[in-house]
Structure formats: C-alpha cells, structure tokens
Amino acid sequence: LMTSEFLQWWGQQLRDCLPDALRRLWHSGQSTLAAEFSEGQLAIRPPSAESSIAVPIKVIDGGELPPSVTDALADLEPPERIDLTLPPGQFLIRDLTLPHAARPHLAETVGYQLAKVTPFSGDDAFFACGVKEEGNGNTPLKAWVVAIPKMPITAAMKLFGQAPPANPVRLQQPPEAG
C-alpha cells in the first residue's frame, strides 16, 4: 500500500513539472468524464460510475434542469477531460479537392471553404481536416473535413461549467460514414 501511495505521489510530482500543453495529455482515467449524445438526450457517465445521468436535449438547448440532474451534476468533481461522442447524424463528412499549394495551411484553407462545402460557416462549427491523397505541383490535393455544429458542444460543456476549447475536434482520419 505504501508503494502504491508513493507511486501516485511521484506521478503527481512528475505531472506537475510538465508544461500545461503536455499536462492536459497526461490525464488519469479517473478524471475523464464520458458524455454521449443519443436519442434526444445527453448521457453523462462520471468517472468510475456504474450508471449514466440522462439530460434531455431540450434542457441542453436552454431549458431548465430537473432537480435530480442538477444534484447529480453538482456532485461531480470537475473533470480534467471530457470525451464527447456524437452519433453519425450529428456531424458532416465531406471530401474536398484543393490546390496542392493549400497543403502547408490546410486547416486555414478548409476553414475558409467550410461554408461552401457544409451548411455551416467557420463561426458556427468546429471542424477537423486532413489529407486523403497527396497531390503534387500538377495534381490537386484530396482532403477531408468533419464539421460539427458548435451549439450542442458548447451547451454540453456549459453543463459541466466549462467553455469548449477553440477547436475540440481532434481526428487523425475521418470517422466511418454511418
């Protein structure tokens, strides 16, 4: 038991020495809150909980929280990380063809093109993008973009007393189309 306590203390000491950007990456599973949008509700599963807290979508969109949900959320420790899962109907996946010169500034270029390829402007959505096929100087670059409306993400984060990061969508590749 003392070895375990020492290792926890030592791990915390090492974590505290890291810059903030790296510290956010080194999180404990105990401090990760899972939340999933599905069938008219947001199911929130606190770390190490056996059951989820169901929050109706209408509440997230500006309604008043039922007392049972308010009490359950008040008992939560502030999470270091929130893993939010969206069903396929809550995001868009699009393919783009861009000039090869767009490669070094892909995210910025896609941000400008977002309103042309999705129903969202850059201010209305979070997005992630990547290269599907490299082009060369003579052939275009094939890229992908995943766009998510900001409103449900912002409202869900507000439930946890947090503001969403500038762009919370982190993908190495697009999700499978469902």
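Scroll up to find the structure this text is about.
Numbers given to residues run from 1 along each chain, matching the order in which its sequence is written. Totals for whole chains, interfaces and linings use all residues, but because this is a predicted model, local features are given only for residues with pLDDT of at least 70 and pairs of side-chain atoms are given and counted only at 80 or more. The side-chain numbers reported here are obtained from all heavy atoms of the structure, hydrogens and water having been left aside.

Draft legend 1. Structural view of the overall build of the chain. A run of DSSP states H or I qualifies as a helix once it reaches four residues; a run of E qualifies as a strand once it reaches two. Both are numbered from the N-terminal end. When you go through the chain residue by residue, the secondary structure sums to six helices and seven strands. For the chain, the sequential pattern of α-helices and β-strands runs α-α-β-β-β-α-α-β-β-α-β-β-α. Per-residue burial over the chain gives 29% buried out of 178 residues. What makes two residues a contact is simply this: any of their non-hydrogen atoms within 4.5 Å. Excluding contacts between residues fewer than 6 apart, the proportion of contacts in the chain whose partners are at least 24 apart in sequence is 56%. Reported accessibility uses the Shrake-Rupley method at a 1.4 Å probe radius. Residues are deemed covered only where the shown protein chains occlude them. Summing over all exposed atoms, the chain offers an accessible surface of approximately 11700 Å²; the carbon and sulfur share of this is 54%. Only protein chains enter the accessibility calculation, which uses a 1.4 Å probe; a residue is then buried when its area is under 20% of its type maximum, exposed when over 50%, and partly exposed in between.

Draft legend 2. Examining the pattern of salt bridges more closely. For this document, the term salt bridge refers to a Lys or Arg side-chain nitrogen within 4 Å of an Asp or Glu carboxyl oxygen. Inspection of the entire model under this criterion finds two salt bridges. Residues D95 and K132 are paired through a salt bridge, measuring 2.8 Å at the closest nitrogen-oxygen approach. Remark: K132 occurs in strand β6 (residues 125-133) and D95 occurs in strand β5 (residues 92-98); sequence separation between them is 37 residues. Note that R103 is salt-bridged to E134, the shortest N-O span being 3.1 Å. Taken as a pair, R103 in the loop between β5 and α5 (106-117) and E134 in the loop between β6 and β7 (141-149) lie far apart in primary sequence, 31 residues in all. By relative accessible area, R103 is classed as partly exposed at 35%.

Draft legend 3. Region of interest: the sheet that holds strand β3 (residues 53-56). By this definition, two strands are paired if DSSP reports at least two bridges between them. Spatially, four strands are ordered β3-β2-β1-β4 in an open sheet, and the strand pairing comes out mixed. The open sheet terminates on both sides in strands that have one partner only, identified here as β3 and β4 (81-85). Averaged over all pairs of adjacent strands, the angle between their axes in this sheet comes to 20°, without regard to strand direction. Angles shown run from 0 to 180 degrees and are taken between the N-to-C directions of axes, each axis being a line fitted to C-alpha atoms and, for helices, limited to the stretch in contact.

Draft legend 4. Local environment of the nonpolar core. Residues L42, I44, V55 and F160 are the most contacted members of the largest nonpolar core, which totals 23 residues. Elements supplying a minimum of two residues to this core: β1 (32-38), β2 (41-45), β3, α4 (67-74), β6, β7 and α6 (150-159). Those residues in contact with F160, other than ones at most four positions away along the chain, are L33, A35, I44, L73 and I82. Residues enter a nonpolar core if they are buried and are Ala, Val, Leu, Ile, Met, Phe, Trp, Tyr or Cys, with the set joined through side-chain atoms within 4.5 Å. In this structure, L98, L114, C129 and V145 belong to the second largest nonpolar core, which totals 14 residues.

Draft legend 5. Spotlight on the sheet that holds β7. Ordered by their spatial adjacency, three strands build an open sheet running β5-β7-β6, and the pairing between neighbours is antiparallel. Among the strands making up the open sheet, the edge pair consists of β5 and β6. When the angles between neighbouring strand axes are averaged without regard to direction, this sheet yields 25°. For β5 and β7, the ladder comprises seven bridges, and the chain directions are antiparallel. Of the residues in β7, the one forming a bridge with I93 is V146. Strands in contact with α5 are β5, β6 and β7; relative to β6, the strand with the most contacts, it is inclined by about 110°.

Draft legend 6. Summary view of the pairing of β7. Across the nine residues that make up β7, a large majority, seven, are buried. Strand direction decides the pairing type here: β6 and β7, joined by eight bridges, are antiparallel. Across the sheet, residue F127 finds its bridge partner in β7, namely A147.

Draft legend 7. Looking closely at α5. All of the buried residues in α5 are L106, T109, V110 and L114. Taken end-on, α5 shows its buried residues confined to a sector of 160°, consistent with a single buried face. More than 90 degrees from the buried face of α5, the exposed residues found are Y112 and A115. Contacts made by the buried residues of α5 are with β5, β6 and β7. What the arc describes is the spread of directions from the helix axis to the C-beta atoms.

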